[in-house]
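So the chains spell out like this:
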Amino acid sequence: MPNASLLLEIRDLHVGFRIFEGHLRVLAGVTLWVAEGERVGLVGETGCGKTTTVKSVLRVLPIPPAIVTSGEILYRGRDVLRMHRRALHVLRREELTAIFQDPLQSLNPVFTVGSQLRDIVRDSMRTPEGRVLSRREIEARCIQALEETGMPDPERIMSNYPIQLSGGMRQRVCIAEALSTTARLLLADEPTTNLDVTIQDQILRKLDRLVDQKGSSVLMITHSMGVVRDLTQRIYIMYAGSIVETGPTRQLLASPKHPYTQGLMASVPRLTGRGVSEGIPGRIPNYLEPPPGCRFHPRCPHRMPECSVEAPPMSDVGADQRAACYLYRRSPS
Amino acid sequence: MTEPILEARGLTKFFPTKRGTVRAVDDIDFRMAPGDTLGLVGESGSGKTTTAQCVVGIYAPTTGDILFHGQSIGATAAKRSKELKREIRIVFQDPGSSLNPKRTIKQILATPLAVHHLASGREQVARISALLERVELPPAEYLYKHPQSIGGGEKQMVAIARALATDPSFVVLDEPTSALDVSVQAKIINLLLGLQKEMGLTYLFITHDMSLMRNVASRVAIMYLGKLSEIANTAEFFQMPLHPYTKMLLSSIPVVSDEEESLKPAKGISRGEIPSPVNIPPGCSFHSRCPSRLDVCDKIDPATVEVAAGHVVRCHLYPGSQERTS
Ligand SMILES: Nc1ncnc2c1ncn2[C@@H]1O[C@H](COP(=O)(O)OP(=O)(O)OP(=O)(O)O)[C@@H](O)[C@H]1O
Ligand SMILES: Nc1ncnc2c1ncn2[C@@H]1O[C@H](COP(=O)(O)OP(=O)(O)OP(=O)(O)O)[C@@H](O)[C@H]1O
Ligand code: SF4
Ligand code: SF4
Ligand SMILES: [Mg+2]
Ligand SMILES: [Mg+2]
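Residues numbered from 1 in each chain as written. Chains lettered and ligands numbered in written order. Predicted model: local features only at pLDDT ≥ 70, side-chain atom pairs only at ≥ 80, totals over all residues. Heavy atoms only, no water.

### Concerning the packing of aromatic side chains
Line of reasoning, step 1. Applying the stated criterion across every chain, the model contains 10 aromatic pairs over all chains.
Line of reasoning, step 2. With a centroid separation of 5.1 Å and 75 degrees between ring planes, the pair formed by Phe15 of chain B and Tyr59 of chain B is classed as edge-to-face. You can see Phe15 of chain B sitting in strand β1 (residues 6-17) and its partner Tyr59 of chain B sitting in the loop between α1 (48-56) and β4 (63-68), a full 44 residues away along the chain.
Line of reasoning, step 3. Note on Tyr59 of chain B: relative accessible area 26%, which makes it partly exposed.
Line of reasoning, step 4. Ring geometry for Tyr224 of chain B versus Tyr245 of chain B: centroids 4.7 Å apart, planes at 50 degrees, classification tilted. Residue Tyr224 of chain B is located in strand β9 (residues 219-224), and its partner Tyr245 of chain B is located in helix α11 (residues 244-251); the two are separated by 21 residues in the primary sequence. As far as burial versus exposure is concerned, Tyr224 of chain B and Tyr245 of chain B are alike and both buried.
Line of reasoning, step 5. Through successive ring pairs, a cluster of aromatic residues spans Tyr239, Tyr260 and Phe296 of chain A.
Line of reasoning, step 6. The ring of Tyr142 of chain B is capped by Lys145 of chain B, whose NZ or CZ atom sits 4.9 Å from the centre of that ring. (Phe/Tyr/Trp six-rings, centres within 6.5 Å; stacked < 30°, edge-to-face > 60°. Helix = DSSP H or I, 4+ residues; strand = E, 2+ residues; numbered from the N terminus. Buried < 20%, exposed > 50% of the residue type's maximum accessible area, 1.4 Å probe, protein only. Lys NZ or Arg CZ within 6 Å of the ring centre and 35° of its normal.)

As structure tokens, this is what we get:
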């Protein structure tokens, strides 16, 4: 439950996109929080709204077409959605770091990788005595950050423009940027999707250690159940714009309660080699006309008449584990 | 092994570039029996797609050869017979960009049928409908749709249908599901396994997902910087991985249960960087990252040795592998 040490709190967030065909109702009441020093995972299938959630927190959604119809985003108690531009700027520079899924979005195409990295290090790093870094120290720190992500030939990379790097390399530049700042909250949107598992492992361990040292918090977004299991303590499962289940990561993955989470876990190929499941029938709904009630009902093997009437509330389904599903509703007492 | 359906002998493909020669595929050997699924695994840039492109004739090998039913086919598609092009087909990684957005699904599937004179007129429509049914897309709903109006998973189903249109015996699957979600992936994998049984297909299956490989491949080949470091039957491969890179790969797989965790080898800590394929280090190309490296490793390139029937490895730790200076 939310308590005094809350860093980020999202309450009942509704976000949509106005497009030619109508109104895409994407986020339908997202509620989640990240405590100080906590590592939290956010997973769900493609298009469920994970990136939209992160962009809302950073206030980088394109408005229009995006509209935040209701809800609150609190960072250490301060309302991000109502923050003025200058306060927002300070927040982004000093408190939050993001690693984006599409690294080209966050790298400026007209500056070299080196000049962008140097700017970040200059703005955010201080020596232990609180002094600004010298030019040589900045250079060394940049090269070190790139080396830490397993990039061959950091000097050459520094002189390249983002377009000259492969997708995986760009992603690692963004990770290097994140590694060189001292933010309190790291929002990592699929930080390692383009990388092979050994490099992924190498980078995630580095990230983990760094977060440990700084005592920062992480909101880690990924498709990979294995990655969240390794790196996070608590997890949120998202389906079609809302959180359907949450709990301690390992416990939840070992015993998922929401029918969607169960379907998702059954679809993950296992090293035990027992074959591959059939997957979840159907597909994610059209956000122009999302299904009423529980948005999962058209695909749910357990659906009941009430499921298509009203969205189910969260119910306790285990120690600190909660699921939004009528199967677990308490009989009124 | 029974008579192989496909065999690579010293297959090599270099790309000359301004910054030097990229040794994308560097002297690899493998054999595949009919009905096999060979899983080709390796990190980004290790040469998997280039290998696949040589097999389907997009590139001719720089040196070495590819044999199909014992016949040399190491030429580009332009020089291959129509018959051969019918037999060997490919499904690309990115379903979005491999399908022409201006054409309907019916037109997309008609092309291979027309090119190979397999069917025309009313028979063609019937064949296309049958193909769509085979990949579980109801023809009535999909025939006249355009690729951009269907989901990524469905696009990949169409790409699979297109590959199967010519009734091939050998299909290259280049990361057919890595752009997709696990639940969509599950559907496509099931479909592919079903089709394989039904049509007696042989698959060259490229992926970087080892857990997926565990469930689909009969043999696994590990590629690192253009070379094959280890090949073995799947069960043996996971029980007794030998090459230090394989061990590192297996120990780095993120898994979702304690049961799987116990199947992974002891953690081989990954460190160092992947060398560039333009500037491959001397000796064993893995030596900059290898936790078990020996003194010879940065001087002499190890040779490939067969340590057990059908299990080959390329590493100085396994005796008989100290020839070949480079
Ligand atoms: N700028 C936009 N204009 C219109 N629709 C948008 C826009 N951005 C996102 N959407 C829609 O919002 C939905 C959620 O997208 P989002 O990128 O948040 O998903 P995601 O969970 O991050 O998916 P992925 O795993 O593929 O990254 C999608 O249906 C998407 O098409
Ligand atoms: N046409 C080309 N010209 C120059 N270099 C190329 C060409 N095609 C591929 N390469 C290089 O050859 C190497 C192998 O590339 P390839 O696409 O085969 O890798 P891959 O194993 O399929 O990687 P991924 O997992 O990222 O798809 C890379 O270094 C790549 O940059
Ligand atoms: S609320 Fe109903 S439709 Fe939704 S997941 Fe639960 S049982 Fe299924
Ligand atoms: S040859 Fe040497 S460096 Fe290469 S994998 Fe074997 S032990 Fe490691
Ligand atoms: Mg996203
Ligand atoms: Mg490839």
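### Topic: the interface of chain A and chain B
Line of reasoning, step 1. Contacts between the two partners involve 45 residues from chain A, matched on the other side by 43 residues from chain B.
Line of reasoning, step 2. Across the chain A/chain B interface, buried area totals approximately 3,600 Å², and carbon plus sulfur atoms make up 53% of it.
Line of reasoning, step 3. At the boundary of chain A and chain B, one finds 4 salt bridges.
Line of reasoning, step 4. In this structure, the salt-bridge partner of Asp258 of chain B is Arg250 of chain A, at a minimum N-O distance of 4.0 Å.
Line of reasoning, step 5. Summed over the shared surface of chain A and chain B, the result is 9 residue pairs in polar contact (both at pLDDT 80 or more).
Line of reasoning, step 6. Broken down by secondary-structure element, the contributors of at least two residues to the side of chain A that touches chain B are α8 (197-214), α9 (225-231), α10 (249-254) and α11 (259-267) of chain A. (Contact = heavy atoms within 4.5 Å. Buried area = accessible area lost by both parts, 1.4 Å probe. Salt bridge = Lys/Arg side-chain N within 4 Å of Asp/Glu carboxyl O. Polar contact = N/O pair within 3.5 Å; in protein donor to acceptor, adjacent residues only side chain to side chain.)

### Brief notes about helix α5 (residues 121-134) of chain B
All names here are of chain B.
Line of reasoning, step 1. Helix length check: α5 (14 residues) gives 20 Å between terminal C-alpha atoms against 20 Å at 1.5 Å per residue, within 8%.
Line of reasoning, step 2. The complete set of buried residues in α5 reads Gln124, Ile128, Ser129, Leu131 and Leu132. Viewed end-on, α5 has its buried residues packed into an arc of 160 degrees, placing them on one side of the element. Residues of α5 that are exposed and point over 90 degrees away from its buried face: Arg122 and Glu133.
Line of reasoning, step 3. Directly after α5, the chain includes Glu136, whose backbone phi takes a positive value near 60 degrees. (Expected span 1.5 Å × (residues − 1). Arc of directions from axis to C-beta.)

### Here we look at the sheet that holds strand β6 (residues 88-91) of chain B
Residues and elements named next belong to chain B.
Line of reasoning, step 1. Within the open sheet, the 8 strands sit side by side as β6-β7-β8-β3-β9-β10-β12-β11. Their pairing is mixed. Here the strands that pair on one side only, and so sit at the sheet edges, are β6 and β11 (305-308). In this sheet, adjacent strand axes meet at a mean angle of 20 degrees when their direction is disregarded.
Line of reasoning, step 2. With 5 bridges joining them, strand β7 (residues 170-174) and strand β8 (residues 202-207) adopt parallel strand pairing. Residue pairing in the sheet places Phe170 in a bridge with Thr202 of β8. (Pairing = 2+ DSSP bridges. Axes fitted to C-alpha atoms, helices over the stretch in contact; angles between N-to-C directions.)

### Section: the site of ligand 3
Line of reasoning, step 1. The environment of ligand 3 is made up of 14 residues, and the closest members are Cys294, Cys300, Cys307, Cys325 and Tyr326 of chain A.
Line of reasoning, step 2. Tallied by class, the residues present in the shell around ligand 3 amount to 10 nonpolar, 3 polar and 1 charged. (Near = heavy atom within 4 Å. Nonpolar A, V, L, I, M, F, W, Y, C, P; charged D, E, K, R; others polar.)

### A closer look at the pairing of strand β12 (residues 321-324) of chain A
Successive side chains on a regular strand alternate, one facing one side of the sheet and the next facing the other.
Residue and element names in this part refer to chain A.
Line of reasoning, step 1. Pairing analysis gives 2 bridges linking strand β10 (residues 242-248) to β12, with the strands arranged antiparallel. Looking across to β12, one finds that Glu245 is bridged to Ala323.
Line of reasoning, step 2. Both strand β11 (residues 314-318) and β12 contribute to a ladder of 4 bridges, which runs antiparallel. Looking at the pairing, Ser315 lines up with Ala323 of β12.
Line of reasoning, step 3. Counting the residues between successive antiparallel strands, the hairpin from β11 to β12 contains 2 residues, one of them, Asp320, with a positive phi of roughly 60 degrees.

### Digging into unusual backbone geometry
Line of reasoning, step 1. One non-glycine residue, Arg76 of chain A, lies in the positive phi region at around 40 degrees.
Line of reasoning, step 2. Mapping Arg76 of chain A onto the fold places it in the loop between β4 (66-75) and β5 (78-79).
Line of reasoning, step 3. With a relative accessible area of 43%, Arg76 of chain A lands in the partly exposed category.
Line of reasoning, step 4. Unusually for a residue other than glycine, His117 of chain B sits at a positive phi of about 50 degrees.

### As for the sheet that holds strand β5 (residues 71-72) of chain B
All names here are of chain B.
Line of reasoning, step 1. Read from one edge of the open sheet, 4 strands run β2-β1-β4-β5, paired in antiparallel fashion. For this open sheet the edge positions go to β2 (20-32) and β5, each flanked by a neighbour on one side alone.
Line of reasoning, step 2. Of the strands in this sheet, β1, β2 and β4 are in contact with α1, which crosses β1 at around 115 degrees.

### A word on the pairing of β1 of chain B
Residue and element names in this part refer to chain B.
Line of reasoning, step 1. Inspection of the sheet shows β1 paired to β4 by 5 bridges, in the antiparallel sense. Following the sheet pairing, Leu6 is matched in β4 by Phe68.
Line of reasoning, step 2. With 9 bridges joining them, β1 and β2 adopt antiparallel strand pairing. Looking at the pairing, Ala8 lines up with Phe30 of β2.
Line of reasoning, step 3. Between β1 and β2, which pair antiparallel and follow one another directly, the connecting turn spans 2 residues.

Function cannot be read off these values alone, since they describe shape.
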